[in-house]
Amino acid sequence: MSRKNPMNRKLKNEELERLEISEFKEAEKSPILIILDNIRSLNNIGSVFRTSDAFLIEKIYLCGITAQPPHNDIRKTALGSTETVDWEYYDDTIDIVKKLKAEGVKICSIEQAENATMLNDFKPQPKTKYAFVFGNEVKGVAQDVVNASDEVIEIPQYGTKHSLNISVSCGVVIWDVFSKIHKSDA
């Protein structure tokens, strides 16, 4: 006979106290921006929107061949988050990188590169806004964007493949930086 543990009861959707779209739009956002550099997969794009919604990301910049909402394949994984998270399209990733740098935003490419900072060693600075650039599923972040970045951050990996899906990489980085920022707020 199994015993029920009331501490492990799954919550129902109505118990999750989720923000309404209007509340999300008014909520204070994390000082994090996301730049998608030529992402091919619409499912990856939708997943990045969904993760960005979960952590109150201020804005996503869709660049180059990265598809834009509305699109059914983005919608499948985004689950409505294209309606909550602000986004903007740029033909060329380097244009938004230069614009944000001019506004004082720190640009961090997520890439495997010489002299990269390992994500576990990355320490976000207080009162600083960051834009994290995630690259194409095959080619990664374009070299000119890497060159223009203030910092390159690498996700440590210990297996044989040495690559993660872009939506997984985005989730790992957002969670890590979000938790570090909010730990310093405490």
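For the structure itself, look to the data block above.
Starting from 1, residues in each chain are numbered consecutively following that chain's sequence as written. For a predicted model such as this one, the threshold for reporting local features is a pLDDT of at least 70, and the threshold for listing and counting side-chain atom pairs is 80 or more; totals across whole chains, interfaces and linings nevertheless cover every residue. In computing side-chain properties, one takes all heavy atoms of the structure into account and sets aside hydrogens as well as water.

(A) Main features of the sheet that holds strand β6 (residues 130-135). In this description, strands pair whenever DSSP reports at least two bridges between them. Here a helix means four or more residues in a row that DSSP labels H or I, a strand means two or more in a row labelled E, and each is numbered from the N terminus. Sheet architecture is open: 7 strands sit in the order β3-β2-β1-β6-β4-β7-β5, paired in parallel fashion. Bordering the open sheet on either side are β3 (86-90) and β5 (117-118), each of which pairs with just one other strand. Where β5 lies against strand β7 (residues 151-154), 2 bridges are found, and the strand directions are parallel. Bridge pairing in β7 links Thr117 to Ile153. Pairs of residues are marked as contacts when any of their non-hydrogen atoms sit within 4.5 Å. Axis geometry follows a simple rule: fit a line to the C-alpha atoms, using only the stretch in contact for helices, then measure angles between N-to-C directions, giving values from 0 to 180 degrees. The strands that helix α2 (residues 42-54) touches are β1 (30-37), β2 (57-63) and β3; relative to β2, the one it contacts most, it runs at about 165°. Where helix α4 (residues 93-102) meets the sheet, it contacts β1, β2, β3, β4 (106-110) and β6, and its direction lies at approximately 160° from that of β1.

(B) Local environment of the packing of aromatic side chains. Here is the rule: rings of Phe, Tyr and Trp (six-membered ring for Trp) pair when centre to centre is within 6.5 Å. Planes less than 30 degrees apart are stacked, more than 60 are edge-to-face, and the remainder are tilted. A complete count under the given rule lists 7 aromatic pairs for this structure. With centroids separated by 5.7 Å and ring planes inclined at 50°, the aromatic side chains of Phe55 and Trp175 adopt a geometry described as tilted. With Phe55 in the loop between α2 and β2 and Trp175 in helix α6 (residues 166-185), this pair connects stretches of sequence that are 120 residues apart. Ring pairs connect the aromatic residues Phe55, Trp175 and Phe178, which therefore count as one cluster. Two limits define a charge over a ring: the Lys NZ or Arg CZ must be within 6 Å of the ring centre, and within 35 degrees of the ring normal. We note Lys29 situated over the ring of Phe24; from NZ or CZ to the ring centre the distance is 4.8 Å.

(C) Quick look at a negative patch on the surface. Like charges are joined within 9 Å and nonpolar side chains (Val, Leu, Ile, Met, Phe, Trp, Tyr) within 5 Å, but only among residues with over 30% relative accessible area and no salt bridge; these make up the patches. Per-residue and other accessible areas follow the Shrake-Rupley method at a 1.4 Å probe size, with only the shown protein chains counted as cover for residues. The rule for a salt bridge is simple: a side-chain nitrogen of Lys or Arg has to be within 4 Å of a carboxyl oxygen of Asp or Glu. Counted as positive: Lys and Arg. Counted as negative: Asp and Glu, with His and the chain ends omitted from the count. Here the site of a charge means atom NZ of a Lys, CZ of an Arg, CG of an Asp or CD of a Glu. Side chains of Asp91, Asp92, Asp95 and Asp144 sit close together on the surface and give a patch of like negative charge. As for its placement among the helices and strands, Asp92 is situated in the loop between β3 and α4. Throughout, exposure labels follow a simple rule: accessible area from a 1.4 Å probe, protein chains only, divided by the maximum for the residue type, with under 20% read as buried, over 50% as exposed, and the rest as partly exposed. With relative accessibility at 37%, the residue Asp92 sits in the partly exposed group.

(D) Representation of the pairing of β2 within the structure. Across the 7 residues that make up β2, a large majority, 6, are buried. Relative to β2, β1 runs parallel, the two being bridged by 6 bridges. The partner of Leu33 across the bridge, within β2, is Lys59. Convention used here: a crossover is right-handed provided that the path from the first strand, over the helix, to the second strand proceeds clockwise when the strands point away from the viewer. As a crossover connection, the stretch from β1 through α2 into β2 is right-handed. Note: β2 against β3, 5 bridges, orientation parallel. The partner of Cys63 across the bridge, within β3, is Tyr90. Between the parallel pair β2 and β3, the chain is carried across by helix α3 (residues 72-78), and the sense of this crossover is right-handed.

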